[in-house]
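Structural characterization, general
Listed below are the residues making up each chain.
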Amino acid sequence: MDSMYYIKKYNEYRKNVLNMQASENVLSPNAKMALSSDMASRYSLKIENYNAYGGTLYFDEILKLLEYNVKKLFNAGFSESRPLSGHIASEISLLSIINNNKNVAAVSEEDGGYPGYTNSNLERVIGFRTYKIPYKNFSIDYDELEKSVKTNKIGTVILGQSMFIKSYDMKRIHEIAEKYNSGVVYDGSHVMGLIAGNAFQTDALKYSDILFGSTHKTFFGPQGGIILTDNDEIYDKIVNNTIFKTMDNINLSRVAALSVSVEEMLKYGDKYAKNVVKNTGELIKALNELKFKLLDGSEISETHQILLDEKFLSEKGYSFLTFSEEMERNKIIIDRFGRIGTQEITRYNINDMNEIAYIINDTYNKLNINNEINSMIDRKELKYW
Ligand SMILES: *Cc1c(COP(=O)(O)O)cnc(C)c1O
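Residues numbered from 1 in each chain as written. Predicted model: local features only at pLDDT ≥ 70, side-chain atom pairs only at ≥ 80, totals over all residues. Heavy atoms only, no water.

1. Details of the overall build of the protein chain
- A count of helical and extended segments in the protein chain gives 15 helices and 15 strands.
- Over its C-alpha atoms the protein chain spans a radius of gyration of 21 Å, differing by no more than 12% from the 21 Å that the globule rule assigns to 385 residues.
- Along the longest, intermediate and shortest principal axes, the C-alpha atoms of the protein chain span 60 × 55 × 40 Å.
- The 385 residues of the protein chain split such that 55% are buried.
- In the protein chain, the share of contacts with a sequence separation of at least 24, taken over all contacts with a separation of at least 6, comes to 75%.
- Both charge centroids of the protein chain, one from 46 positive and one from 51 negative side chains, sit 1 Å from each other. (Helix = DSSP H or I, 4+ residues; strand = E, 2+ residues; numbered from the N terminus. Rg over C-alpha atoms; globule rule 2.2 N^0.38 Å. Buried < 20%, exposed > 50% of the residue type's maximum accessible area, 1.4 Å probe, protein only. Contact = heavy atoms within 4.5 Å. Lys, Arg positive; Asp, Glu negative; His and termini not counted. Charge placed at Lys NZ, Arg CZ, Asp CG, Glu CD.)

2. Some thoughts on the pattern of salt bridges
- Under the counting rule described, the total for this entry stands at 19 salt bridges.
- Its salt-bridge partner being Arg-82, residue Glu-80 comes within 2.8 Å of it at the nearest N-O pair.
- Residue classification places Glu-80 among the buried residues on the basis of a relative accessible area of 2%.
- What makes Arg-82 buried here is its relative accessible area of 16%.
- A salt bridge links Arg-336 to Glu-328, with the shortest nitrogen-to-oxygen separation between them at 3.4 Å.
- Among the charged side chains, a network of salt bridges with common partners joins Asp-143, Glu-146, Arg-172 and Lys-179. (Salt bridge = Lys/Arg side-chain N within 4 Å of Asp/Glu carboxyl O.)

3. Looking at the packing of helix 6 (residues 142-151) against helix 7 (residues 170-179)
- In the contact formed by helix 6 and helix 7, the axes pass within 10 Å of each other and the chain directions differ by 20 degrees. One finds that helix 6 runs roughly parallel with respect to helix 7. For helix 6 against helix 7, the interelement crossing comes out right-handed. Only Arg-172, Ile-173, Ile-176 and Lys-179 of helix 7 make contact with helix 6, whose side of the interface consists of Tyr-142, Asp-143, Leu-145, Glu-146 and Val-149. (Axes fitted to C-alpha atoms, helices over the stretch in contact; angles between N-to-C directions. Parallel < 35°, antiparallel > 145°, perpendicular 65-115°, else oblique. Left-handed = near helix turned anticlockwise from the far one by under 90°.)

4. Some details on the pairing of strand 5 (residues 103-106)
- Judged by which residues are buried, strand 5 turns out to be covered on both faces: Asn-103 and Ala-105 on one side and Val-104 and Ala-106 on the other are all buried.
- Where strand 5 lies against strand 6 (residues 129-132), 4 bridges are found, and the strand directions are parallel. Bridging across to strand 6, Val-104 finds its partner in Thr-130.
- Chirality of the crossover, the property in question, places the unit of strand 5, helix 5 (residues 122-127) and strand 6 among those that are right-handed.
- Pairing between strand 5 and strand 9 (residues 156-159): 3 bridges, direction parallel. The residue of strand 9 that forms the bridge with Val-104 is Thr-156. (Pairing = 2+ DSSP bridges. Right-handed = clockwise from strand over helix to strand, strands pointing away.)

5. Focus on the nonpolar core
- Core analysis: the biggest nonpolar cluster contains 76 residues, and Phe-74, Leu-159, Tyr-168 and Tyr-186 have the highest contact counts within it.
- Residue contributions to this core peak at 8 residues, all from helix 10 (residues 252-289).
- Counting only domains with at least three residues in this core, you end up with domain 1 (29-264) and domain 2 (269-378).
- Contacts of Tyr-168, omitting those with residues within four sequence positions, involve Val-107, Ile-140, Tyr-142, Leu-159, Gly-160, Gln-161, Ile-173, Tyr-186 and Gln-201.
- Membership of the second largest hydrophobic core comes to 31 residues, among which are Ala-286, Leu-287, Phe-292 and Tyr-364. (Core = buried A, V, L, I, M, F, W, Y, C linked by side-chain atoms within 4.5 Å. Domains from an automatic or database assignment.)

6. Quick word on the site of the ligand
- Taken together, Ser-85, Gly-86, His-87, Tyr-114, Gln-161, Ser-162, Asp-187, Ser-189, His-190, Ser-214, His-216 and Lys-217 make up all the residues around the ligand.
- The contact in question runs from an oxygen atom of the ligand to an N or O atom on the side chain of Ser-85, over 3.4 Å.
- Here His-87 contributes a backbone N or O atom positioned 2.8 Å from an oxygen atom of the ligand.
- Taken together, the residues of the shell around the ligand sort by class into 1 nonpolar, 9 polar and 2 charged. (Near = heavy atom within 4 Å. Polar contact = N/O pair within 3.5 Å; in protein donor to acceptor, adjacent residues only side chain to side chain. Nonpolar A, V, L, I, M, F, W, Y, C, P; charged D, E, K, R; others polar.)

7. Side note on the domain arrangement of the protein chain
- When its domains are assigned, the protein chain resolves into domain 1 (29-264) and domain 2 (269-378).
- For domain 1 versus domain 2, the separation of C-alpha centres amounts to 28 Å.
- On the domain 2 side, the residues contacting the 20 residues of domain 1 number 22 residues.
- Counting the surface lost from both domain 1 and domain 2, the interface buries some 1800 Å², and carbon and sulfur atoms represent 61% of this.
- At the surface where domain 1 touches domain 2, the tally comes to 1 salt bridge. (Buried area = accessible area lost by both parts, 1.4 Å probe.)

8. Structural notes on unusual backbone geometry
- Its identity as a non-glycine residue notwithstanding, Gln-201 has a phi of 40 degrees, on the positive side.
- Within the element layout of this structure, Gln-201 appears in the loop between helix 8 (192-196) and strand 11 (210-214).
- For Gln-201, a relative accessible area of 7% translates into the label buried.
- In this structure, Lys-291 is a non-glycine residue whose phi angle is positive, near 65 degrees.
- When you line up the elements, Lys-291 lands in the loop between helix 10 and strand 13 (305-307).

Okay, here's the thing in structure tokens:
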């Protein structure tokens, strides 16, 4: 057996399942073509007004087009679309905003925050100290946040979460930050596609210094990160913290695939994002009618995410892990943290959430759903490209 054997197996397997993992999406054939183009093994390095590598004249045009379109899509003054991942976009952004004040506030992991900001991960790499953003019932406690910013002398507030179902009161956060002279960054990794499509937190950039995130969760792109800001001084720092600081080679084929997906977003982002959020609401409602219990209070989800309740799963002997395994036996892929995402099936033009709810509930009740799921997989048809 060689690698090609497993690659073919892999592709065949993935064609015959539904992916409902909250942090993933599917690439269009055009984006895939870009990703496997000759650019995959090339370099590019812009120095002042020339490229240090020959052969890059068409790539230079793609990168220019990409930055132009990203700014248009997010209505942003400045963009940096080269980061290799959301995590690296975050690293670059934090390096560009954290100054002498090393006190940072972020949503904790148990409240659904990104582990990178706590557990001495980026804290140790960049050298800051994280305080918990006061958080309850899927919402920031703004009065408590104000107290914390004041007493802990917070220099930077990091918004955004990995378990992310509810938007923030950005105006209120902006007021707090102004009052105590703190910076605000918005990690939109999970929701970049929904923000681009104007279906969630449309004021994320308006009330923050930097909006950044992954390009491949609800966004249509290959794995990567983008950074947006309206502040030219911050932008200069961002550019400065990119090449030779947090990365060198930018993976040209990835940049080209991202450029394709940004064009798709410009054309279809609004329709797609609205459909994702609508499908989330309909799936939650349908599960509710079947008495399939979700995480308490999470029924309000405004994003692509649906959160499972491990206590309810345990009534049938499941944990997040074993329920995910049982779902996979029934050809639906979800993660093992209790999240379900509607974004990829929406892109595959699957909008019958009653049927999906039945499949999830019947899996829970250990019933045979072979025919239902197979017929649904047969109906997968990639849209928005
Ligand atoms: C996924 C995620 C990241 C990391 O993004 P990658 O593209 O996987 O590097 C950062 N922050 C949040 C909130 C995330 O959900």
